[in-house]
Amino acid sequence: AQSVTQLDSQVPVFEEAPVELRCNYSSSVSVYLFWYVQYPNQGLQLLLKYLSGSTLVKGINGFEAEFNKSQTSFHLRKPSVHISDTAEYFCAGTVNTGNQFYFGTGTSLTVIP
Amino acid sequence: DVKVTQSSRYLVKRTGEKVFLECVQDMDHENMFWYRQDPGLGLRLIYFSYDVKMKEKGDIPEGYSVSREKKERFSLILESASTNQTSMYLCASQTGGADTQYFGPGTRLTVL
């Protein structure tokens, strides 16, 4: 069975500090992995995705993530956060034989001025 | 850009009412999905559809039904709304394959 786990439900960080949001997956087959961001009272917006190729993926708003097969992880990072990055972040995965997504429970990032 | 729209941003209904939530996408996507989002539980899949008139149950289909008469439109129906269906409902669409799902803005439903 496939699943995605986000290890931190809340992450507070000071403005201009680096941040890492953790995501681990469980799958017996090849996976595709995604990070989405959700601002208050809005839908989910794609930040970045890993389908194949380079394990370091760059996304919008200065975020990047690294696919690590040996550690079954896909952690999201940003070297310097802004107040506007305050939002809920979701990690999701799927397998290439299907279209159903498996979502983590979300990480609430709060950037402190 | 892909655009997914949902018929209402906020909705208040009474227990026992029949509720329709509509979702429209403009990118000719084959797959469409309905999720509900609750604090601490993330997104849970209610139903999805991979073609017109086709539907598949997700993880929590009880109390819901869906309709897809046209490719661009996917409706979620609460036959008899209950207070435990108070939630944020998100619609998504996807091309026919394991790739990005595009989300609508969500409908926050309150059942009194």
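Described below are features of the structure shown in this document. If you're wondering where the values come from, they're calculated on a predicted model, not measured in any experiment.

**Considering the overall build of chain B**
Move 1: Looking only at helices and strands, one finds zero helices and 11 strands in chain B.
Move 2: Scanning chain B from its N terminus toward the C terminus, one meets helices and strands in the order β-β-β-β-β-β-β-β-β-β-β.
Move 3: Computed over the C-alpha atoms, the radius of gyration of chain B is 13 Å, within 12% of the 13 Å expected from 2.2 N^0.38 for a compact globule of 112 residues.
Move 4: Judged by the C-alpha coordinates and their principal axes, chain B covers about 35 × 25 × 25 Å.
Move 5: In chain B, which comprises 112 residues, the proportion classed as buried is 48%.
Move 6: Approximately 5300 Å² of chain B is accessible, and the part contributed by carbon and sulfur atoms is 49%.

**Quick look at the overall build of chain A**
Move 1: From N to C terminus, chain A includes zero helices and 12 strands.
Move 2: Dimensions of chain A, computed from the C-alpha atoms along their principal axes, are close to 45 × 30 × 20 Å.
Move 3: Taken over 113 residues, chain A has a buried fraction of 44%.
Move 4: Accessible area for chain A stands at about 5400 Å²; split by element, carbon and sulfur atoms hold 50% of it.
Move 5: Each charge class in chain A was averaged separately, 6 positive and 8 negative side chains, and the resulting centres sit 10 Å apart.

**Describing the state of the cysteines**
Move 1: All chains considered together, the criterion is met by two disulfides over all chains.
Move 2: Put simply, Cys23 of chain A and Cys91 of chain A are joined by a disulfide, and their sulfur atoms are 2.0 Å apart. In this structure the cystine formed by Cys23 of chain A and Cys91 of chain A twists about its S-S bond by roughly -65 degrees; its chirality is therefore left-handed. Taken together, the residues Cys23 of chain A in strand 4 (residues 23-26) and Cys91 of chain A in strand 10 (residues 87-95) connect sequence positions 68 residues apart. In this structure, Cys23 of chain A and Cys91 of chain A share a single accessibility class: buried.
Move 3: Paired through a disulfide, Cys23 of chain B and Cys91 of chain B show a sulfur-sulfur distance of 1.9 Å. One disulfide, between Cys23 of chain B and Cys91 of chain B, carries an S-S torsion of -75 degrees and so falls in the left-handed class. One end of the pair, Cys23 of chain B, is in strand 3 (residues 19-25); the other, Cys91 of chain B, is in strand 9 (residues 87-94), and 68 residues separate them in sequence. Grouping residues by exposure puts Cys23 of chain B and Cys91 of chain B together as buried.

**Some points on the sheet that holds strand 1 (residues 4-6) of chain B**
Residue and element names in this part refer to chain B.
Move 1: Here we have four strands laid out as an open sheet, ordered 1-3-8-7, and antiparallel in their pairing. Two strands bound the open sheet, and with one partner strand each, they are strand 1 and strand 7 (64-70). Averaged over all pairs of adjacent strands, the angle between their axes in this sheet comes to 20 degrees, without regard to strand direction.
Move 2: Inspection of the sheet shows strand 7 paired to strand 8 (residues 73-78) by five bridges, in the antiparallel sense. Following the sheet pairing, Val66 is matched in strand 8 by Leu76.

**Structural notes on the environment of Lys13 of chain B**
All names here are of chain B.
Move 1: Note on placement: Lys13 falls in strand 2 (residues 10-13).
Move 2: Each C-alpha atom, one on Lys13 and one on Tyr50, is 29 Å from the other, the two residues being 37 residues apart in sequence.
Move 3: When residues no more than four places from it in sequence are discounted, the contact partners of Lys13 are Val19, Leu109, Thr110, Val111 and Leu112.

**Some thoughts on the interface of chain B and chain A**
Move 1: In this assembly, 25 residues from chain B lie in contact with 22 residues from chain A.
Move 2: Summed over both sides, the interface between chain B and chain A buries roughly 1700 Å², with carbon and sulfur atoms accounting for 53% of that surface.
Move 3: Across the chain B-chain A interface, the total number found is one salt bridge.
Move 4: Linking Lys49 of chain A and Asp99 of chain B is a salt bridge whose minimum nitrogen-to-oxygen distance equals 2.9 Å.
Move 5: Linking chain B with chain A are six residue pairs in polar contact (both at pLDDT 80 or more).
Move 6: Partitioning the side of chain B that touches chain A into residue classes produces 12 nonpolar, nine polar and four charged.

**Thoughts on empty space enclosed by the protein**
All names here are of chain A.
Move 1: A complete count under the given rule lists two cavities of 30 Å³ or more for this structure.
Move 2: Looking at the largest cavity, its volume works out to about 50 Å³.
Move 3: Lining the largest cavity are Gln2, Ser3, Val4, Tyr25, Ser26, Ser27, Val31, Leu33, Gly93, Thr94, Val95 and Tyr102.
Move 4: When residues of the lining of the largest cavity are traced back to their parent elements, those giving at least two are strand 1 (3-6), strand 4, strand 5 (31-38) and strand 10.
Move 5: Looking at the lining of the largest cavity residue by residue, the classes come out as six nonpolar, six polar and no charged.

Parameters and conventions
- Residues numbered from 1 in each chain as written.
- Chains lettered and ligands numbered in written order.
- Predicted model: local features only at pLDDT ≥ 70, side-chain atom pairs only at ≥ 80, totals over all residues.
- Heavy atoms only, no water.
- Helix = DSSP H or I, 4+ residues; strand = E, 2+ residues; numbered from the N terminus.
- Rg over C-alpha atoms; globule rule 2.2 N^0.38 Å.
- Buried < 20%, exposed > 50% of the residue type's maximum accessible area, 1.4 Å probe, protein only.
- Areas by Shrake-Rupley, 256 points an atom, 1.4 Å probe, with all protein chains shown as cover.
- Lys, Arg positive; Asp, Glu negative; His and termini not counted.
- Charge placed at Lys NZ, Arg CZ, Asp CG, Glu CD.
- Disulfide = S-S within 2.5 Å.
- Pairing = 2+ DSSP bridges.
- Axes fitted to C-alpha atoms, helices over the stretch in contact; angles between N-to-C directions.
- Contact = heavy atoms within 4.5 Å.
- Buried area = accessible area lost by both parts, 1.4 Å probe.
- Salt bridge = Lys/Arg side-chain N within 4 Å of Asp/Glu carboxyl O.
- Polar contact = N/O pair within 3.5 Å; in protein donor to acceptor, adjacent residues only side chain to side chain.
- Nonpolar A, V, L, I, M, F, W, Y, C, P; charged D, E, K, R; others polar.
- 1 Å grid on protein atoms, 1.4 Å probe; cavity = no way out; pocket = protein on both sides within 12 Å on 5 of 7 lines; lining within 4 Å.
- Points joined across faces, edges and corners; volume = space filled by probe spheres on them.

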